[in-house]
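What follows is the residue order along each chain.
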2 protein chains.
Amino acid sequence: MPDEDAVVDANQAFYRAIESLDNATMEAVWDPDPSVTCVHPGWPLMAGRDKVLQSWYTIFDNTMVMQFTVTESSVIVSGDLAWVVCTESLRSVVAGRVNEATVEATNVFRNRNGQWRIVHHHGSPVM
Amino acid sequence: MPDEDAVVDANQAFYRAIESLDNATMEAVWDPDPSVTCVHPGWPLMAGRDKVLQSWYTIFDNTMVMQFTVTESSVIVSGDLAWVVCTESLRSVVAGRVNEATVEATNVFRNRNGQWRIVHHHGSPVM
């Protein structure tokens, strides 16, 4: 499989992991590097694997449903790193209330032993 | 100069180019690749060099002052690509009104003939 296709698969797997609302599934798609980073829409930077994962656990605890339709605009591979620019159409149910939003995202992936895992997620609200 | 230092210099040059409010200075720090991309805080994706630069011209036309203090959280180099996660403290004057904001940014750079230029900027508001 060409690298770009494998990166698109990893990008989609990242969103399926969010939709699972399952901590262990989410842990598996993130690179084990302790210095991974994440910016949720409107949030300050989360730096470090513990802080990043804890932020997802908190989101999962407070969310009943998350559904993404993701359109990749660009997928660039350079050696063991790759980055994806994509637009998320997000439908979520939080505290019983349905929310629909568009989010622009930049996702960076690292290849370890043939497996691409996310090292940086940056999502921003479209207002 | 180690690659990481050169990338930090390119990142700082990108913000100095914004502060210049000068179209030609901004054109020089962006990679010539027609497929460069940019997400301004709260905006949808700008895809393509023409759209990206036009968005900056519009910002420059409507802004009297922009001043950045930028703190890099991580700088990763892989071959000819590099990405920086940083926090911008931004002070701007738009239509005579002073604004202060914190912006989280992901910036991706490409090395051509020893010169790092930006290929993707993603800024998101911290609310």
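Residues numbered from 1 in each chain as written. Chains lettered and ligands numbered in written order. Predicted model: local features only at pLDDT ≥ 70, side-chain atom pairs only at ≥ 80, totals over all residues. Heavy atoms only, no water.

Least-squares fitting of chain B to chain A yields an RMSD of 0.0 Å, with the superposition described by an axial translation of 0.0 Å and a rotation of 180°. Expressed as a symmetry operation, the mapping of one chain copy onto the other fits a two-fold axis. Every residue of chain B has its C-alpha some distance from the rotation axis, and the shortest such distance is that of B:Ser124, at 2.6 Å. A shared interface surface links the copies, since 100% of the contact residues of chain B are contact residues in chain A too. (Least-squares fit on C-alpha atoms with pLDDT ≥ 70 in both. Contact = heavy atoms within 4.5 Å.)

What follows covers unusual backbone geometry. What you tend to see is this: most non-glycine residues have negative phi, and most peptide bonds are trans. A positive phi is found at A:Leu21, a non-glycine position, where the angle reads about 55°. The topology assignment puts A:Leu21 in the loop between helix H1 (3-20) and helix H2 (23-29). Even without a glycine there, the phi angle at B:Asn113 is positive, about 50°. Locating B:Asn113 in the fold gives a position in the loop between strand S5 (97-112) and strand S6 (115-125). (Helix = DSSP H or I, 4+ residues; strand = E, 2+ residues; numbered from the N terminus.)

Looking now at the environment of B:Val8. Residue and element names in this part refer to chain B. Along the polypeptide, Val8 turns up in helix H1 (residues 3-20). With relative accessibility at 25%, the residue Val8 sits in the partly exposed group. Taking the C-alpha atoms as reference, Val8 lies 11 Å from Val108; in sequence the two are 100 residues apart. Ignoring anything within four residues of it in the chain, the contact list for Val8 reads Glu72 and Val75. (Buried < 20%, exposed > 50% of the residue type's maximum accessible area, 1.4 Å probe, protein only.)

Residues and elements named next belong to chain B. Between its first and last C-alpha, H1 extends 25 Å over 18 residues, near the 26 Å set by a 1.5 Å rise per residue. In this structure, the buried side of H1 is in contact with helix H2 (23-29), helix H3 (49-61), strand S3 (63-78), strand S4 (81-94), S5 and S6. A positive phi of about 55° marks Leu21, the residue just after H1. (Expected span 1.5 Å × (residues − 1).)

A few words now on a negative patch on the surface. A surface patch of negative charge is lined by A:Asp3, A:Glu4, A:Asp5, A:Asp9 and A:Asp80. Assessed through its relative accessible area of 44%, A:Asp9 is described here as partly exposed. (Patch = residues over 30% accessible without salt bridge, like charges linked within 9 Å, V, L, I, M, F, W, Y side chains within 5 Å. Areas by Shrake-Rupley, 256 points an atom, 1.4 Å probe, with all protein chains shown as cover. Salt bridge = Lys/Arg side-chain N within 4 Å of Asp/Glu carboxyl O. Lys, Arg positive; Asp, Glu negative; His and termini not counted. Charge placed at Lys NZ, Arg CZ, Asp CG, Glu CD.)

Let us look at the sheet that holds S3(B). Residues and elements named next belong to chain B. Strand order in the open sheet made by the six strands is S2-S1-S6-S5-S4-S3, with mixed pairing throughout. Two strands close off the open sheet at either side, each with one partner strand: strand S2 (46-47) and S3. Here S4 pairs with S5 via 14 bridges, running antiparallel. Counterpart to Val93 in the pairing with S5 is Val98. Packing against the sheet, H1 makes contact with S3, S4, S5 and S6, and its axis sits at approximately 165° to S3. (Pairing = 2+ DSSP bridges. Axes fitted to C-alpha atoms, helices over the stretch in contact; angles between N-to-C directions.)

This part is about the packing of aromatic side chains. Applying the stated criterion to the full structure yields ten aromatic pairs over all chains. Taken together, a centroid distance of 4.9 Å and an interplanar angle of 55° make the contact between A:Tyr15 and A:Phe68 tilted. Residue A:Tyr15 is found in helix H1, and its partner A:Phe68 is found in strand S3 (residues 63-78); the two are separated by 53 residues along the sequence. Note on accessibility: A:Tyr15 and A:Phe68 belong to one class, buried. With a centroid separation of 6.0 Å and 90° between ring planes, the pair formed by B:Phe14 and B:Trp56 is classed as edge-to-face. Of this pair, B:Phe14 sits in helix H1 while B:Trp56 is found in helix H3, placing the two residues 42 residues apart along the sequence. For the residue pair B:Phe14 and B:Trp56, the accessibility class agrees, reading buried in each case. (Phe/Tyr/Trp six-rings, centres within 6.5 Å; stacked < 30°, edge-to-face > 60°.)

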